[in-house]
Amino acid sequence: WDVRKTVPFYDSEVPVDSGRSPAYDAQPRDGRPRLDDVGILRSIFDVLPVGVAVCDREGTLLCLNREAERILGVELREVGPSEWTSTYGCYLPDMLTPYPPQQMPLARSLTGEQVHHELMFIRNPLQPDGVWISVSARPYRDREGAILGGVTVFRDITAAQNLLRLDRGGRAPQ
């Protein structure tokens, strides 16, 4: 998460390093932490037990949480949809065919599509044995409904997928 960047917040650009959106600049009266505080949101984001990736409307990746980096084996690279497959090592379930960039769940979310539990295989130099993930993605929108970007959530299902493939006589990564 690059705190020097700005992120869309409905109708304005909010400096992430400000810690608050302009609409919520006042200190809370009761002294409790506020969910619009970027530090608190980042802490929550990083303890989620699923990988989360967020991109802007052009498809440039803005952030990955810690679990996403662990699963993918690669830290955030600010690349667009055409480079996601090669950067992160994304493959179709046959484990050989590179995932077509326009079919990536996060790319599809930028067109307004909601993707649920799509199977993907990840293999790259830092994940040489490969990782199976279940991916869901949705667009995020402003108050008027315009797409501001996409959010994807994924989880590592390698153990279950390898058992299923072995049970069916398929091959599991070594």
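In what follows, the accompanying structure is described. Keep in mind it's a predicted model, so treat the numbers as computed, not measured.

Conventions and cut-offs
- Residues numbered from 1 in each chain as written.
- Predicted model: local features only at pLDDT ≥ 70, side-chain atom pairs only at ≥ 80, totals over all residues.
- Heavy atoms only, no water.
- Buried < 20%, exposed > 50% of the residue type's maximum accessible area, 1.4 Å probe, protein only.
- Helix = DSSP H or I, 4+ residues; strand = E, 2+ residues; numbered from the N terminus.
- Contact = heavy atoms within 4.5 Å.
- Pairing = 2+ DSSP bridges.
- Arc of directions from axis to C-beta.

### Things to note about helix H3 (residues 81-88)
When we look at burial in H3, the residues that qualify are Pro81, Trp84, Thr85, Thr87 and Tyr88. Looking at the buried side of H3, the elements it contacts are strand S3 (51-56), strand S4 (61-64), helix H2 (66-72), strand S5 (90-91), helix H4 (105-109) and strand S6 (115-124). Residue Gly89 follows H3 closely and has a positive phi angle near 75°.

### Overview of the pairing of strand S8 (residues 147-156)
When S3 meets S8, the two strands line up antiparallel, connected through six bridges. For Gly51, the partnering residue across the bridge sits in S8 and is Phe154. Here strand S7 (residues 127-141) runs beside S8; their pairing, made up of nine bridges, is antiparallel. Among the inter-strand pairings, Tyr140 is bridged to a residue of S8, identified as Gly149. In textbook terms, the turn of a hairpin is the stretch between consecutive antiparallel strands, and for S7 and S8 this stretch comprises five residues, one of which, Gly145, has a positive phi near 100°.

### Digging into helix H1 (residues 38-47)
Regarding H1, the residues found buried are Val38, Arg42, Phe45 and Asp46. One side of H1 holds all its buried residues, which, seen down the axis, span an arc of 90°. Buried residues in H1 make contact with S3, S4 and H2.

### A few points about the environment of Arg155
Residue position: Arg155 is located in strand S8. Sequence separation between Arg155 and Ile133 is 22 residues; the distance between their C-alpha atoms is 5.4 Å. The residues touching Arg155, leaving out its near neighbours within four places in the chain, are Val50, Ile71, Trp132, Ile133 and Ser134.

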